[in-house]
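# An overview of the molecular structure
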Amino acid sequence: MVDESQNIKNPAAQQTRAVKSIPAGAAIAMSGTPVENRLLEYWSVMDLVNRGYLGPAKRFEEQFGKPIQVDGDEQAAERFRRVTAPFILRRLKSDKGIISDLPDKISQDQYCEFTADQAAVYETVVREAMQVIEGTSDTFERQGLVLQMILALKQVCNHPAQYLKQASAGDRRLRQGPAPARAARRRPPPAREGAGVHPVPRDGRHPAPAGSASTSAAEPAFLHGGVARKRRDAMVSRFQEHPYERVLLLSLKAGGTGLNLTAASQVIHYDLWWNPAVENQATDRAYRIGQTRTVQVHRLLTRDTFEERINDMIQAKRGLAEMTVGTGEQWIGQLERPGAARAVHAGGGLR
């Protein structure tokens, strides 16, 4: 059995080849995100559990990948779902027949405006970066420069201080952002209303003042990949149990798996990454079994910047997953005989 099987999504990777070389009479692949970026990732996982079932990778791309991913062909997507459904067991948290007492999850985009100084820094970064890019003929080098520019612009959108490598990146977005986040930073709650904030950087220039071992709502703890396991557990335990711990800051990767943060009913994505699967994994630290309140998800975007384009790309990737992965297991009752021994489990994060 391969858990978190999205890690073998690249069929050419050494890790994928090593996993597929293990002899086994039966195989199960488990993943809450079987499609993250492109449909070939699904083929790679299915190639482990039912080798050859979806044909060679090149033919798969011609029959399903391009028509669905590029052209949005609903007929091809329906054929794909019919072909793959017998090998998938998928349970969604949104299915009340699976978890009747899990509350709703509501996600909304919230837009922030540039300050005059911030807009000036943004324009300067774009102008200077484009001059360098346009003077470069090597394709590989140009791609690296474009990525470097995008990362710089993301930092400017967060706060110019982050791009300028200053001591504190402040909390402009949170001041403009959702009211629960602003209230959580001002005073202890009359009733518990925790918030988990997911920034991407882990260099100390995070969106709100943060000490590594906070005891007050004004200085929330910051959990990132460099925090030792013992300290990480203490941070999570304090946030879960202490009524005055209103806010917990998490880097997206460190806060993406292995955490139970049901004390938070507000999730704030401060710096959106370009992979909706990673974003969903981070959100579901709060939206999981044991949560008793509606979870409000706030996705912070800066208006009239490239962040809107990235958000369009995120939604397109999310749409690809919804087009191709079945939403339930009703087909089980229609089977006339036992199916294959191998299966792909595309979980909804039930843990």
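Above this text sits the structure in question.
Here is a short report on the structure shown in this document. (Residues numbered from 1 in each chain as written. Predicted model: local features only at pLDDT ≥ 70, side-chain atom pairs only at ≥ 80, totals over all residues. Heavy atoms only, no water.)

## A few points about the environment of Ile 88
Stated precisely, the cut-off is as follows: A run of H or I in DSSP becomes a helix once it reaches four residues, and a run of E becomes a strand once it reaches two; helices and strands are each numbered from the N terminus.
Mapped onto the fold, Ile 88 is located in strand S2 (residues 88–89). Expressed as a C-alpha distance, the spacing of Ile 88 and Ile 28, which sit 60 residues apart in the sequence, is 10.0 Å.

## Here's the deal with the packing of helix H3 (residues 57–70) against helix H4 (residues 74–84)
Our working rule: Every axis in this analysis is a line fitted to C-alpha atoms, fitted for helices over the stretch in contact. Angles between the N-to-C directions lie between 0 and 180 degrees. Each angle receives one of four descriptions, namely roughly parallel if under 35 degrees, roughly antiparallel if over 145, roughly perpendicular if within 65 to 115, and oblique otherwise. Whether a crossing is left-handed or right-handed is set by the direction in which the near helix is turned from the far one by less than a right angle, anticlockwise for left-handed and clockwise for right-handed. Any pair of residues with heavy atoms lying within 4.5 Å of one another is described as a contacting pair. Under the convention adopted here, Pro, Cys and the residues Ala, Val, Leu, Ile, Met, Phe, Trp and Tyr are nonpolar, Asp, Glu, Lys and Arg are charged, and Gly plus all remaining residues are polar.
At their nearest, the axes of H3 and H4 sit 8 Å apart, and the two run at 125° to each other. The orientation of H3 relative to H4 falls into the category oblique. In this structure, H3 meets H4 at a crossing whose hand is left-handed. Between H3 and H4, the contacting residues are Phe 60, Gln 63, Phe 64, Pro 67 and Ile 68 on the first element and Ala 76, Ala 77, Arg 79 and Phe 80 on the second. Along the lines of polarity and charge, the residues of the contact of H3 with H4 split into 7 nonpolar, 1 polar and 1 charged.

## With respect to helix H2 (residues 40–49)
Defined as follows: Only protein chains enter the calculation, and the probe is 1.4 Å; a residue is then buried if its accessible area is under 20% of its type maximum, exposed if over 50%, and partly exposed in between.
Most of H2 is tucked away: 10 of the 10 residues are buried. Taken residue by residue, H2 has Leu 40, Glu 41, Tyr 42, Trp 43, Ser 44, Val 45, Met 46, Asp 47, Leu 48 and Val 49 as its buried positions.

## Examining H4
Put simply, the rule is: As used here, the arc is the angular range of directions from the helix axis to the C-beta atoms.
Among all positions in H4, only Ala 76, Ala 77, Phe 80 and Thr 84 are buried. Taken down its axis, H4 places every buried residue within 100° of arc, on the same side. Away from its buried face, by an angle of more than 90 degrees, H4 presents the exposed residues Gln 75 and Arg 82.

## Looking at the environment of Asp 109
Defined as follows: In protein, a polar contact requires one atom able to donate a hydrogen and another able to accept it; more generally it is a pair of N or O atoms within 3.5 Å, and residues adjacent in sequence count only if both atoms are side-chain atoms.
Residue position: Asp 109 is located in strand S3 (residues 105–112). Classification of Asp 109 by relative accessible area gives partly exposed; the value is 33%. Side chain to side chain, Asp 109 and Arg 299 meet in a polar contact 2.5 Å long. Separated by 3.3 Å, the side chains of Asp 109 and Asn 311 make a polar contact.

## Some thoughts on the packing of aromatic side chains
Applied cut-off: Planes of paired rings set the category: under 30 degrees apart is stacked, over 60 is edge-to-face and the rest tilted, where pairs are Phe, Tyr or Trp rings (Trp by its six-membered ring) whose centres lie within 6.5 Å.
Counted by the stated rule, this structure contains 6 aromatic pairs. Each ring, one from Phe 64 and one from Phe 80, has its centre 5.4 Å from the other, and the planes form 65°; the classification is edge-to-face. Of this pair, Phe 64 sits in helix H3 while Phe 80 sits in helix H4, placing them 16 residues apart in sequence. A relative accessible area of 0% places Phe 80 in the buried class. An aromatic cluster is present here, built from Tyr 42, Phe 60, Phe 64 and Phe 80 joined pairwise through their rings.

## Some words on the nonpolar core
Let me state the cut-off plainly: As used here, the term nonpolar core means buried Ala, Val, Leu, Ile, Met, Phe, Trp, Tyr and Cys residues forming a set that is joined through side-chain atoms within 4.5 Å.
Leu 39, Tyr 42, Phe 60, Ile 68 and Phe 80 are the most contacted members of the largest nonpolar core, which totals 23 residues. Mapped onto this core, the elements with two or more residues apiece are H2, H3 and H4. Among the elements that line this core, the one with the most residues is H2, at 7 residues. Sequence-distant contacts of Phe 80, that is, excluding residues within four places in its chain, are made with Leu 39, Tyr 42, Phe 60, Phe 64, Ile 68 and Thr 324. With 19 residues, the next largest nonpolar core counts Leu 223, Leu 261, Ala 286 and Val 295 among its residues.

## Here we look at unusual backbone geometry
For residues besides glycine, phi is generally negative; the peptide bonds are generally trans as well. Phi at Glu 4 takes a positive value of approximately 50°, unusual for a residue other than glycine. Its location among the elements puts Glu 4 in the segment before helix H1 (14–20). Judged by its relative accessible area of 17%, Glu 4 is buried. Even without being a glycine, Asp 304 presents a positive backbone phi close to 60°. For Asp 304, a relative accessible area of 65% puts it in the exposed group.

## Details of the side chain of Thr 136
Counting through the fold element by element, Thr 136 comes out in the loop between helix H5 (116–134) and helix H6 (139–158). The class of Thr 136 is buried, set by a relative accessible area of 11%. Polar contacts involving the side chain of Thr 136 include one to the main-chain carbonyl oxygen of Val 132, which spans 2.8 Å. With residues up to four places along the chain from it excluded, the contact list for Thr 136 reads Glu 141, Arg 142 and Leu 145.

## Observations concerning the side chain of Lys 154
Along the chain, Lys 154 turns up in helix H6. Note on Lys 154: relative accessible area 3%, which makes it buried. Filtering out sequence-adjacent residues up to four positions away, Lys 154 remains in contact with Asp 271, Leu 272, Trp 273, Trp 274 and Phe 306.

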